[in-house]
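# Topology and contacts: notes
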Amino acid sequence: MSLKVSNPARIPILYVILGVLVAISVVPMYFYSAQVESINRDRLKTNEMLLQNTVTRSLADDISQHEGSLRMMLSNLSSAIQVASGGDIGAGHVERPELRALLENFVSSSEDIAYATLLNADAKGVSAGRIAPDAFLRRELERGFAAAREGRAYNGQALVVGSGKSARTVVLVSSPVMYGGRFLGMIGSVVDLQFLIRRLEEVSRAGLTPYVVDAQGRLVAASHANYATGQDMKHLEIVRNFVDEGSKAQLAATKEFTIQEGNESTEMLGTYSPVTTLDWAVVVQKPRLEAYRGVFEMQHTARLLALLAVLASIMVSFYAARRIANPLKVLTESSRAIARGDFSKRVELHSRTEIGELADTFNMMSDELQQFVHDLQRAAEENRALFMGSIQMLAGAVDEKDPYTRGHSDRVTRYSLLIAREMGLDDEFLEILRISAQLHDVGKIGIEDHILKKPGALTPEEFEIMKTHTTKGANILRPVSQLKEMLPGIELHHEALDGRGYPYGLQGDQIPLLARVIAVADTFDALTTNRPYQRAYEPPEALRIIQNLVGKRLDPKAVAALIAVYERGEIKVRRLVRAQATPPPLAAGATILTPFAPAAVPEIGAVQPAPETKAAAASASSAASAVDPVVETTRF
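Residues numbered from 1 in each chain as written. Predicted model: local features only at pLDDT ≥ 70, side-chain atom pairs only at ≥ 80, totals over all residues. Heavy atoms only, no water.

The subject of this paragraph is the overall build of the protein chain. In terms of regular secondary structure, the protein chain is built from 19 helices and eleven strands. Across the 636 residues that make up the protein chain, the buried fraction comes to 46%. A separation threshold of at least 6 residues defines the contact pool for the protein chain, and within that pool the share at least 24 residues apart is 63%. For the protein chain, the exposed surface amounts to about 31300 Å²; the carbon and sulfur share of it is 54%. (Helix = DSSP H or I, 4+ residues; strand = E, 2+ residues; numbered from the N terminus. Buried < 20%, exposed > 50% of the residue type's maximum accessible area, 1.4 Å probe, protein only. Contact = heavy atoms within 4.5 Å. Areas by Shrake-Rupley, 256 points an atom, 1.4 Å probe, with all protein chains shown as cover.)

Shown next as structure tokens:
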């Protein structure tokens, strides 16, 4: 008896081809595009947050600088009044012509000062200005006078004086006048905040909504007509966060929050940066739909392309399946190749039958898939270039702030990468190093210009302020989680192996390799570029100086790598040559000053001249000073 083995029901080839094409082309493409979309979305969001952080920090620094300048002017005026009055501004002397002239000159010295008054201990005095105090401003003057009696400076609340087009937002800034520890009176200055409103209007043209609030959450100034001075802004979550933080609010913060207006709610992205000297905060906000518009457009485009690719694949599958007969071996092998991700595989089948036509169609589909993947890769590279461009723009903004070191960040990045490659470090480390080196001096954006741009040696007090650029830079970027791995290079590139660096005095292997590489590149660039306080050394001389710092400040392996790439000619130092003699070589054992250090302070752990070389060192120093008197210090 014969047994018949029943054949299973044949699956229509249309379904087989359709399933294969979807499985080997659409699904991998979908997951790949989803991954690329996720990466790009995060980068776009990071860029928007970084932009808001930079804008608010810049505005906060401007306000702090204005406040500091005004305090200095008030101090100078107080000193002038003490000299002119001989320490007596009582009832018979406060209205003397010379005191009134000093007050009028003070008001005319700045368009931001709308009114000023000098009151003696009996609250009598003289005033000058372009406005007349109303009841609210007089009340502020009374509060300022009460604070002056207690020996305190006073920053008042923002007020609006005048009406219509002549309305002005002002704030009272006052300080006591003391002589020999005795209270003489008070100087009160009413500051016109029009300069701040103009800056806020400039920011608003970029699509952001900027405003300034005080410690109680009341509006100080805004560019939007719907916001009124003194308005309570605590109904906004981002303002509540700042008020709740109080004096602890030292760093910028970016938040996503919702604004409820009637029955409508708007999702927002906002950032605040504290103005610590005034207990104010600068806030910018933007609808999340606008802030992340690029993200949403990218998602829409990617999904549309994926849908079109799926539809195209299905149509080709139906067309090809109807024309297939036998055999399918070549097509199966080609399908397996595509499933492995090899989109370069083509069907090598020459036939004038329907199979040949199907093979041609299969090859065409592979071409389209390969091109689409290529386009996705190119889009990813373009977005990465955008991210790196943003980093370079931020670094460029820091270099532009300090014209003496223009291009410094780019050169330090290039030297750091050459050193790291010579040390055999992997590509992942190089990518982290690239961004960290580019941003290593971003904290200088928070250093006051009169220190940063000082053409000579820094005083010890200025040096202490300048040293904070490392922690300032790390604090600026710390809210950006994607830059977490780059922070050690930014914060610790001035640490020394012997523990005498800053900001934390780390030693040896406590200092991350990232910071040690950047430190060598930073030192080399500082020594080989012209500064107003130091002329550039020739590269061989700079390398000799760097070798003297091995084991004390700089990492031996990184220094050896720098010397190797220089000797191979991979480093070319270009600079403008000043019409002066070249700097004399340092005498053996001569003192090398620490970065940013004042001229009178030798480097921590510096090599001191040996007795027999002190004369030579003194001679070299004298010769250098005769040619260029600002070679006394090295700032990186």
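Moving on, we come to the nonpolar core. As a rule of thumb, nonpolar side chains are buried together in soluble globular proteins. Of all hydrophobic cores here, the largest spans 48 residues; its most connected members are Ile-419, Leu-433, Leu-439, Leu-477, Phe-524 and Leu-562. Contributing elements (two or more residues each) for this core: α9 (354-401), α10 (408-422), α11 (427-438), α14 (469-477), α15 (487-491), α16 (513-527), α17 (539-548) and α18 (556-567). With eight residues, α16 is the single largest residue contributor to this core. In this structure, Phe-524 is in contact with Tyr-415, Pro-539, Ala-542, Leu-543, Ile-546, Leu-562, Ile-571 and Val-573, ignoring residues within four places of it in sequence. Judged by nonpolar contacts, the second largest core, of 41 residues, contains Leu-59, Leu-70, Val-126 and Ala-221. (Core = buried A, V, L, I, M, F, W, Y, C linked by side-chain atoms within 4.5 Å.)

Another aspect to go through is the packing of aromatic side chains. Under the criterion given, the structure shown has five aromatic pairs. Where Tyr-211 meets Tyr-227, the ring centres are 5.5 Å apart and the plane angle is 80 degrees; that geometry is what we call edge-to-face. Taken together, the residues span a long stretch of sequence, with Tyr-211 in strand β7 (residues 209-213) and Tyr-227 in the loop between β8 (219-222) and α5 (237-245) at a distance of 16 residues. Take Tyr-211: its relative accessible area is 0%, and that puts it in the buried class. Judged by its relative accessible area of 23%, Tyr-227 is partly exposed. Measuring from ring centre to ring centre gives 5.2 Å for Tyr-415 and Phe-524, while their planes differ by 75 degrees; the resulting arrangement is edge-to-face. (Phe/Tyr/Trp six-rings, centres within 6.5 Å; stacked < 30°, edge-to-face > 60°.)

What follows concerns the pairing of strand β5 (residues 168-179). Burial within β5 is extensive, with nine of its twelve residues counted as buried. One ladder, built from three bridges, connects strand β4 (residues 159-161) with β5; its direction is antiparallel. Following the sheet pairing, Val-161 is matched in β5 by Arg-168. Hairpin geometry of β4 and β5 is characterised by an intervening segment of six residues between the two adjacent antiparallel strands and by a positive phi of about 80 degrees at Gly-162. By the bridge criterion, ten bridges tie β5 to strand β6 (residues 182-192) in an arrangement that is antiparallel. Following the sheet pairing, Leu-172 is matched in β6 by Val-190. The antiparallel hairpin formed by β5 and β6 contains two residues in its connecting segment, where Gly-180 sits at a positive phi of about 60 degrees. (Pairing = 2+ DSSP bridges.)

Residues Leu-304, Leu-305, Leu-307, Leu-308 and Leu-311 make up a contiguous nonpolar surface patch of roughly 430 Å² in combined accessible area. Within the secondary structure, Leu-308 sits in helix α7 (residues 293-322). The exposure class assigned to Leu-308 is partly exposed, which follows from its relative accessible area of 46%. (Patch = residues over 30% accessible without salt bridge, like charges linked within 9 Å, V, L, I, M, F, W, Y side chains within 5 Å. Salt bridge = Lys/Arg side-chain N within 4 Å of Asp/Glu carboxyl O.)

Residues Tyr-502 and Pro-503 are joined by a peptide bond in cis, for which omega reads 15 degrees. With a phi angle near 60 degrees, Asp-279 is a residue other than glycine that sits in the positive phi range. Looking at the secondary structure, you find Asp-279 in the loop between β10 (264-275) and β11 (280-287). Asp-279 gets classed as partly exposed once you look at its relative accessible area, which sits at 46%.

Together, Asp-426, Asp-427, Glu-428 and Glu-485 make up a negatively charged patch on the protein surface. Relative to the elements of secondary structure, Asp-426 occurs in the loop between α10 and α11. (Lys, Arg positive; Asp, Glu negative; His and termini not counted. Charge placed at Lys NZ, Arg CZ, Asp CG, Glu CD.)

Turning our attention to the pairing of β11. Of all eight residues making up β11, seven are buried, and the element is well covered by its neighbours. For β7 and β11, the ladder comprises five bridges, and the chain directions are antiparallel. Residue pairing in the sheet places Tyr-211 in a bridge with Val-283 of β11. Here β10 pairs with β11 via eight bridges, running antiparallel. Note on β11: the bridge partner recorded for Gly-270 is Gln-285. With antiparallel pairing between neighbouring strands as the criterion, β10 and β11 make up a hairpin whose turn holds four residues, including Asp-279 at a positive phi of roughly 60 degrees.

The next subject is the side chain of His-493. On the secondary structure map, His-493 appears in the loop between α15 and α16. Residue classification places His-493 among the buried residues on the basis of a relative accessible area of 0%. A distance of 3.1 Å separates a polar atom in the side chain of His-493 from the backbone oxygen of Gly-489. Here the side chain of His-493 touches Ile-490 through a polar contact of 3.0 Å, landing on its backbone oxygen. (Polar contact = N/O pair within 3.5 Å; in protein donor to acceptor, adjacent residues only side chain to side chain.)

As a general point, the strands of a sheet are linked pairwise by backbone hydrogen bonds and lie either parallel or antiparallel. The strand order β8-β7-β11-β10-β9 describes an open sheet built from five strands, whose pairing is antiparallel. Each edge of the open sheet carries a strand with a single partner, namely β8 and β9 (253-261). The average angle at which neighbouring strand axes cross in this sheet is 30 degrees, direction not considered. The strands touched by helix α4 (residues 194-204) are β7, β8 and β11; relative to β7, the strand with the most contacts, the crossing angle is about 150 degrees. The strands touched by α5 within the sheet are β7, β9, β10 and β11, with β10 carrying the most contacts at an inclination of about 35 degrees. (Axes fitted to C-alpha atoms, helices over the stretch in contact; angles between N-to-C directions.)

A separate point is the pattern of salt bridges. Opposite charge on two side chains allows them to pair when their charged atoms are near. Applying the stated criterion across every chain yields a total of 23 salt bridges. Its salt-bridge partner being Glu-202, residue Arg-199 comes within 3.4 Å of it at the nearest N-O pair. With Arg-199 and Glu-202 both in helix α4 and three residues apart, this pair spans about one turn of that helix. Here Arg-199 falls in the partly exposed class, since its relative accessible area comes to 23%. Residue classification places Glu-202 among the partly exposed residues on the basis of a relative accessible area of 43%.

In this section: the packing of α17 against α18. For the pair α17 and α18, the least separation of the axes is 11 Å and the interaxial angle reads 165 degrees. Between α17 and α18, the angle falls in the class roughly antiparallel. Every pair of crossing elements has a handedness; the one defined by α17 and α18 is left-handed. Judged by residue contacts, Pro-539, Pro-540, Leu-543, Ile-546 and Gln-547 of α17 engage Val-559, Leu-562, Ile-563 and Tyr-566 from α18. Each residue belonging to the contact of α17 with α18 can be placed in one class, and the counts come to eight nonpolar, one polar and no charged. (Parallel < 35°, antiparallel > 145°, perpendicular 65-115°, else oblique. Left-handed = near helix turned anticlockwise from the far one by under 90°. Nonpolar A, V, L, I, M, F, W, Y, C, P; charged D, E, K, R; others polar.)

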